[in-house]
Amino acid sequence: MTDEPGKDTPRTHGTDSHGPPDTGTPDPYGTDGHGPPDTGTDGTHPGGRTAPGPLCLVTGASGYIGGRLVPELLAAGYRVRCLARTPAKLRDHPWAGDVEIVRGDVTDGPSLDPALRDVDIAYYLVHALGGGPGFEHTDRLAARTFADRSRAAGVRRIVYLGGLTPRGVPDHALSPHLRSRAEVGRILLRSGVPTTVLRAAVIIGSGSASFEMLRYLTERLPVMVTPSWVRTRIQPIAVRDVLRYLVGSADMPPEVSRAFDIGGPDVLTYLGMMRRYAAVAGLPRRLIVPVPVLTPRLSSHWIGLVTPVPRSIARPLAESLRYEVVCDEHDIADLVPDPPGTPLAFDTALDLALRRVREARISTRWSSASVPGAPSDPLPTDPDWAGGSLYTDVRERAVAAPPEALWRVVEGIGGENGWYSFPLAWAVRGWLDRLVGGVGLRRGRRDATRLRVGDSLDFWRVEEIERGRLLRLRAEMRLPGLAWLEMYVEPDGDGRSRYRQRALFHPHGLAGQAYWWSVSPFHAVVFGGMARKIARTAETAETTETEGVVETAEAPRAAEAARAVETAEGVETAGKAEASRAAGPGEGAEAPRTPRPGEGAPG
């Protein structure tokens, strides 16, 4: 069962990669000294590297495995083209300037033709994990479309990362997740293009869904009542080894077209994995009591409550863990030889993943791809809003700190730093979202200080970032409508700055209208307090006077001091929530626009 938040096409989830062995020298690609140098380009235009190597197409480049595979291919001398439904999501990756980025969708044949032109090796790293009752049909359609277009384009090889299926279990008895993965592999193998299907079970690496499940369950619950599947045998594999096999598969001879089982040297139960994690992490031995009554459905609720992994992803992973998934062969080593010390032992993979987490060097996470069912509409800038409602809450404050200091606070929001206002309200909203199957507030951040387009940020996703000026977040919590949160930083002369904040909500039906008016009384506390505390945190972080000496401080460390100061203050009255109704059809309706410097804003 590969946990694959990976892709941009269809709504998918990728697997896990951890890069080559740690050299101790961080590089801009997050692959520990491997990968080409950062060119400093913004990566928003096609072009790519002009190296003479074969051309690889990577689908799912915005996801977990795809985002880590790209720099490995570049380091191996390949040229890389990335397929994305939303190319802007790849703009801020450190390797973006070294690849060609094309817009397309694996379910849309015509969009694949320019993407597959002159491609030698095509990596298929997409999967509609948890994408609703029709996800098997979506997977089937996408695989057939990709196979047909790849054959027509003359692609030399397709490489697919699938799931390891249990021996002797017929397809109809498998979980929908595993059954779909197996079917996609067969479709690609019948494509007429030489195909490599790599079949992996649990993949262990920093930021993967499987690793996050294991980590949070073990760290948060010293005593656990667990489902019976914790005694099922599994053969996990380190994400570094998965990447190595993926890159090596590109060079297989044309007569090879088959599936390969890939796994690490250890065969363990999930119970054993949790106990080994506790030992590697230096935790006391966990007391674990398996019970037979916890179904996969109940297990997914349990996982959703304890870990950041939402139920939509937890359920297919839990269903897959019911089966014994152990490799039948290791033929891959004949074509992609294992260097000494590989595949990595389970404890080594855990240690490397934990080191990445502690050093905050996680290049991609399971949440890198959009969550199934989450809204994906960008903030509209056209008259499609005609006849609808758009409610806004606008706040503005002068800040006695330079724009650079204020921007550090804005870009550092969320995760461990929180949302700078009424923590209980944010926590309750997160729990409510989890209870109805949403992502909740615990996804955190990929990086502690820096954001990029496409990053998940608790129950938001970064839709746009203009570094030093604008951060726009799109809500992915369950809502009867669409919501965005914008934060602007503007210079205000004499080393000061101005902070502007705008929350927007487009309701769906009466439920959406009722939702807005039910929560609007709390906006002065939540959004008003947020604007006030962001400003105060920037001011406190910029200059702290100690015996007449001005010292520079980091915004996250100043956040606690700012919260303490604000606790004694009353509810802000400077901000004012505004509800604006767009004009109806034919009335010359104007879409919401970005405030410009110098413009007045409500409140």
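The following refers to the structure shown.

1. Some remarks on the overall build of the chain
Next up, step 1: The number of helices and strands found in the chain is 16 helices and 22 strands.
Next up, step 2: When each of the 603 residues of the chain is scored for burial, the buried share is 59%.
Next up, step 3: Sequence-distant contacts in the chain: of pairs separated by 6 or more residues, those separated by 24 or more amount to 77%.
Next up, step 4: Accessible area of the chain: about 22,900 Å², with a carbon and sulfur share of 54%.

2. Here we look at the packing of helix H5 (residues 209-220) against helix H11 (residues 346-358)
Next up, step 1: Following both chains from N to C, one finds H5 and H11 inclined at 85 degrees, their axes separated by 12 Å at the closest point. With respect to their mutual orientation, H5 and H11 come out roughly perpendicular. Residue-level contacts link Phe-211, Leu-214 and Arg-215 of H5 to Phe-346, Leu-350, Ala-353, Leu-354 and Val-357 of H11.
Next up, step 2: Residue composition of the contact of H5 with H11, by class: seven nonpolar, no polar and one charged.

3. Considering the pattern of salt bridges
Next up, step 1: If you walk through the whole model with that rule in mind, you get 37 salt bridges.
Next up, step 2: Where Arg-140 meets Glu-183, a salt bridge forms, and the shortest distance between an N and an O atom there is 2.6 Å. Highlighted residues: Arg-140 in helix H3 (residues 135-153) and Glu-183 in helix H4 (residues 176-189), separated in sequence by 43 residues.
Next up, step 3: Look at Arg-140 and you get partly exposed, because its relative accessible area is 24%.
Next up, step 4: Note that Glu-396 and Arg-498 form a salt bridge whose closest N and O atoms lie 3.0 Å from each other.

4. Digging into the sheet that holds strand S1 (residues 55-59)
Next up, step 1: Taken in spatial order, the seven strands make up an open sheet running S3-S2-S1-S4-S5-S6-S11, and their pairing is parallel. Strands at the two margins of the open sheet, each flanked by one partner only, are strand S3 (100-103) and strand S11 (258-261). The average undirected angle you get between the axes of adjacent strands in this sheet is 20 degrees.

5. Considering H11
Residue pairs spaced three or four apart in an α-helix point in one direction, given the helix's 3.6 residues per turn.
Next up, step 1: Between its first and last C-alpha, H11 extends 18 Å over 13 residues, near the 18 Å set by a 1.5 Å rise per residue.
Next up, step 2: Here H11 has its buried residues at Phe-346, Ala-349, Leu-350, Leu-352, Ala-353, Leu-354 and Arg-356.

6. A look at the pairing of strand S18 (residues 481-491)
Next up, step 1: When you tally the buried positions in S18, you get 10 out of 11 residues, the bulk of the element.
Next up, step 2: The turn joining strand S17 (residues 470-475) and S18, which pair antiparallel and follow one another in sequence, is formed by five residues.
Next up, step 3: With 11 bridges joining them, S18 and strand S19 (residues 497-507) adopt antiparallel strand pairing. If you follow Glu-486 over to S19, its bridge partner there is Arg-502.
Next up, step 4: The hairpin formed by S18 and S19 contains five residues between the paired strands, and Gly-493 there has a positive phi angle of roughly 80 degrees.

7. Structural notes on the packing of H3 against H4
Pairs of packed helices are described in terms of their axes, by the angle between the two and the distance that separates them.
Next up, step 1: Viewed as axis vectors pointing N to C, H3 and H4 meet at an angle of 15 degrees, and their least axial separation amounts to 9 Å. The angle between the axes of H3 and H4 places the two elements in the roughly parallel class. Note that H3 runs across H4; the crossing there is right-handed. Counting all contacts with H3, which are made through Phe-135, Glu-136, Asp-139, Arg-140, Ala-143, Arg-144, Phe-146 and Ala-147, the residues of H4 involved are Pro-176, His-177, Arg-179, Ser-180, Glu-183, Val-184, Ile-187 and Leu-188.
Next up, step 2: Tallied by class, the residues present in the contact of H3 with H4 amount to eight nonpolar, two polar and six charged.

8. Brief notes about empty space enclosed by the protein
Where empty space is left can be seen by rolling a probe of water-molecule size over the atoms.
Next up, step 1: The final tally for this structure, using the stated rule, is four cavities of 30 Å³ or more.
Next up, step 2: Every residue lining the second largest cavity is listed: Ile-204, Pro-236, Ile-237, Ala-238, Gly-264, Pro-265, Asp-266, Leu-344, Ala-345, Phe-346 and Ala-349.
Next up, step 3: Among the residues forming the lining of the second largest cavity, the class breakdown is nine nonpolar, one polar and one charged.

9. What about H3?
Next up, step 1: Spanning 19 residues, H3 covers 27 Å between terminal C-alpha atoms, matching the ideal 27 Å at 1.5 Å per step.
Next up, step 2: Of the residues making up H3, those classed as buried are Phe-135, Glu-136, Asp-139, Ala-142, Ala-143, Thr-145, Phe-146, Ala-147 and Ser-150.
Next up, step 3: Buried residues belonging to H3 abut S1, helix H2 (109-116), strand S4 (121-124), strand S5 (157-163) and H4.
Next up, step 4: Of the residues trailing H3, Gly-154 is marked for its positive phi of about 80 degrees.

10. A look at the nonpolar core
Next up, step 1: Val-70, Leu-73, Tyr-123, Leu-161, Leu-246 and Ile-262 are the most contacted members of the largest nonpolar core, which has 40 residues in total.
Next up, step 2: Of all the secondary structure elements, the ones that give two or more residues to this core are S1, helix H1 (64-75), strand S2 (79-84), S4, S5, strand S6 (195-200) and helix H6 (239-249).
Next up, step 3: With 39 residues, the next largest nonpolar core counts Trp-460, Met-477, Ala-503 and Ala-535 among its residues.

11. Notes on the packing of aromatic side chains
Next up, step 1: Using the criterion set out here, one finds nine aromatic pairs in the structure.
Next up, step 2: With a centroid separation of 6.2 Å and an interplanar angle of 40 degrees, the aromatic rings of Trp-419 and Trp-460 are classed as tilted. Of this pair, Trp-419 sits in the loop between helix H12 (403-411) and helix H13 (423-435) while Trp-460 sits in strand S16 (residues 460-466), and the two are 41 residues apart along the sequence. In terms of burial, Trp-419 and Trp-460 fall into one category: buried.
Next up, step 3: Looking at Arg-244, its charged tip hangs above the ring of Tyr-245, at a distance of 4.6 Å from the centre.
Next up, step 4: The aromatic ring of Phe-260 is capped on one face by Arg-258, whose charged end is 4.2 Å from the ring centroid.

Procedures and definitions
- Residues numbered from 1 in each chain as written.
- Predicted model: local features only at pLDDT ≥ 70, side-chain atom pairs only at ≥ 80, totals over all residues.
- Heavy atoms only, no water.
- Helix = DSSP H or I, 4+ residues; strand = E, 2+ residues; numbered from the N terminus.
- Buried < 20%, exposed > 50% of the residue type's maximum accessible area, 1.4 Å probe, protein only.
- Contact = heavy atoms within 4.5 Å.
- Areas by Shrake-Rupley, 256 points an atom, 1.4 Å probe, with all protein chains shown as cover.
- Axes fitted to C-alpha atoms, helices over the stretch in contact; angles between N-to-C directions.
- Parallel < 35°, antiparallel > 145°, perpendicular 65-115°, else oblique.
- Nonpolar A, V, L, I, M, F, W, Y, C, P; charged D, E, K, R; others polar.
- Salt bridge = Lys/Arg side-chain N within 4 Å of Asp/Glu carboxyl O.
- Pairing = 2+ DSSP bridges.
- Expected span 1.5 Å × (residues − 1).
- Left-handed = near helix turned anticlockwise from the far one by under 90°.
- 1 Å grid on protein atoms, 1.4 Å probe; cavity = no way out; pocket = protein on both sides within 12 Å on 5 of 7 lines; lining within 4 Å.
- Points joined across faces, edges and corners; volume = space filled by probe spheres on them.
- Core = buried A, V, L, I, M, F, W, Y, C linked by side-chain atoms within 4.5 Å.
- Phe/Tyr/Trp six-rings, centres within 6.5 Å; stacked < 30°, edge-to-face > 60°.
- Lys NZ or Arg CZ within 6 Å of the ring centre and 35° of its normal.

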